[in-house]
Amino acid sequence: MILITKDNLESFIQHYQGFHDSWFSNINYNIKEAKIEVLVDVFWSGEPTLKEDGTYETNKVKVKMNLNGVEQCNIKELFSWDSINDVFIKYITIKDKEFICFASEEEDPSFYVVCDSIEYEELALS
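Remember, it's a predicted structure, so these values are computed and weren't measured experimentally.

K.L.:
Describe in detail the overall build of the protein chain, supporting the description with residues and values.
P.N.:
From N to C terminus, the protein chain includes one helix and eleven strands. Its helices and strands in sequence order give the protein chain the pattern β-α-β-β-β-β-β-β-β-β-β-β, from N to C terminus. The C-alpha atoms of the protein chain give 15 Å as radius of gyration, which agrees with the globular expectation for 126 residues (14 Å, within 12%). With the principal axes as the frame, the protein chain shows a C-alpha extent of 55 × 30 × 30 Å. Considering only contacts within the protein chain whose residues lie at least 6 apart along the sequence, 58% involve residues at least 24 apart. About 7600 Å² of surface is accessible on the protein chain, with carbon and sulfur atoms providing 47% of the total. Put simply, the protein chain has 11 plus and 24 minus side-chain charges, and the middle of one group is 7 Å from the middle of the other.

K.L.:
I'd love a proper account of the packing of aromatic side chains, names of residues and values included.
P.N.:
Across all of its chains, the model carries eight aromatic pairs by this definition. A network of ring pairs unites the aromatic residues Phe12, Tyr16, Phe19, Phe24, Phe102, Phe111 and Tyr120 as a single cluster.

K.L.:
Pulling in residues and values, what's your account of the nonpolar core?
P.N.:
In this structure, Phe12, Phe19, Met65, Leu67 and Phe102 are the most contacted members of the largest nonpolar core, which totals 26 residues. Only helix H1 (9-15), strand S3 (35-42), strand S6 (61-68), strand S9 (97-103), strand S10 (111-115) and strand S11 (117-123) provide two or more residues apiece to this core. Phe88, Phe99, Cys101 and Val114 belong to the second largest nonpolar core, which has five residues in total.

K.L.:
Talk me through the sheet that holds S9; I want residue IDs and the actual numbers.
P.N.:
Taking strand neighbours across the sheet as the criterion, the four strands line up as S7-S10-S9-S8 in an open arrangement whose pairing is antiparallel. Among the strands making up the open sheet, the edge pair consists of strand S7 (72-75) and strand S8 (88-94). Taking each pair of neighbouring strands and ignoring which way they run, the sheet shows an average axis angle of 20 degrees. Note that S7 and S10 share four bridges and pair antiparallel. Looking at the pairing, asparagine 74 lines up with tyrosine 112 of S10.

K.L.:
So what's going on with the side chain of glutamate 105? Residues and values would help.
P.N.:
Structurally, glutamate 105 can be placed in the loop between S9 and S10. Side-chain polar atoms of glutamate 105 contact the backbone nitrogen of asparagine 85, separated by 2.7 Å. Look past the residues within four positions of glutamate 105 in its chain and what remains in contact with it is Ser83, Ile84, Asn85, Asp86 and Phe88.

K.L.:
Lay out the pattern of salt bridges in plain terms, naming residues and giving numbers.
P.N.:
Across all of its chains, the model carries six salt bridges by this definition. Between lysine 64 and glutamate 37 there is a salt bridge; the shortest N-O distance is 3.5 Å. Here lysine 64, found in strand S6, pairs with glutamate 37, found in strand S3; they are 27 residues apart in sequence, far enough to count as distant. A relative accessible area of 23% means that glutamate 37 is categorised as partly exposed. As a salt-bridge pair, aspartate 108 and lysine 76 come within 2.5 Å of each other at their nearest N and O atoms. Of the two residues, aspartate 108 is situated in the loop between S9 and S10 and lysine 76 in the loop between S7 and S8; the sequence distance between them amounts to 32 residues. What makes aspartate 108 exposed here is its relative accessible area of 60%.

Reading the values: the criteria
Residues numbered from 1 in each chain as written. Predicted model: local features only at pLDDT ≥ 70, side-chain atom pairs only at ≥ 80, totals over all residues. Heavy atoms only, no water. Helix = DSSP H or I, 4+ residues; strand = E, 2+ residues; numbered from the N terminus. Rg over C-alpha atoms; globule rule 2.2 N^0.38 Å. Contact = heavy atoms within 4.5 Å. Areas by Shrake-Rupley, 256 points an atom, 1.4 Å probe, with all protein chains shown as cover. Lys, Arg positive; Asp, Glu negative; His and termini not counted. Charge placed at Lys NZ, Arg CZ, Asp CG, Glu CD. Phe/Tyr/Trp six-rings, centres within 6.5 Å; stacked < 30°, edge-to-face > 60°. Core = buried A, V, L, I, M, F, W, Y, C linked by side-chain atoms within 4.5 Å. Buried < 20%, exposed > 50% of the residue type's maximum accessible area, 1.4 Å probe, protein only. Pairing = 2+ DSSP bridges. Axes fitted to C-alpha atoms, helices over the stretch in contact; angles between N-to-C directions. Polar contact = N/O pair within 3.5 Å; in protein donor to acceptor, adjacent residues only side chain to side chain. Salt bridge = Lys/Arg side-chain N within 4 Å of Asp/Glu carboxyl O.

Given below as structure tokens:
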């Protein structure tokens, strides 16, 4: 798995096009380990290519993310049709400690987690 850091955060967001039009396919919360595993079906990744028929090949992928050391969490009821418009990922400071925040949107997110670190990897779409 690849650790998201301050150095690669912007390139991560750009590569996955801010998770635009993507959706959560699975969320597993391990309370004992303070860890959330998230699977996101990403609609746009990398550089989309224009096909001969005038449509775009969007490079769909599944991204598995481990959100480690969960400090805060708020997950509203999610439905299969709830998509992500523009993911919010930012380093923040709470009580003099630095965390990374991951939210489905910046304003009124349906999924919001503040944690110590985020690791990710691409999986084959199923």
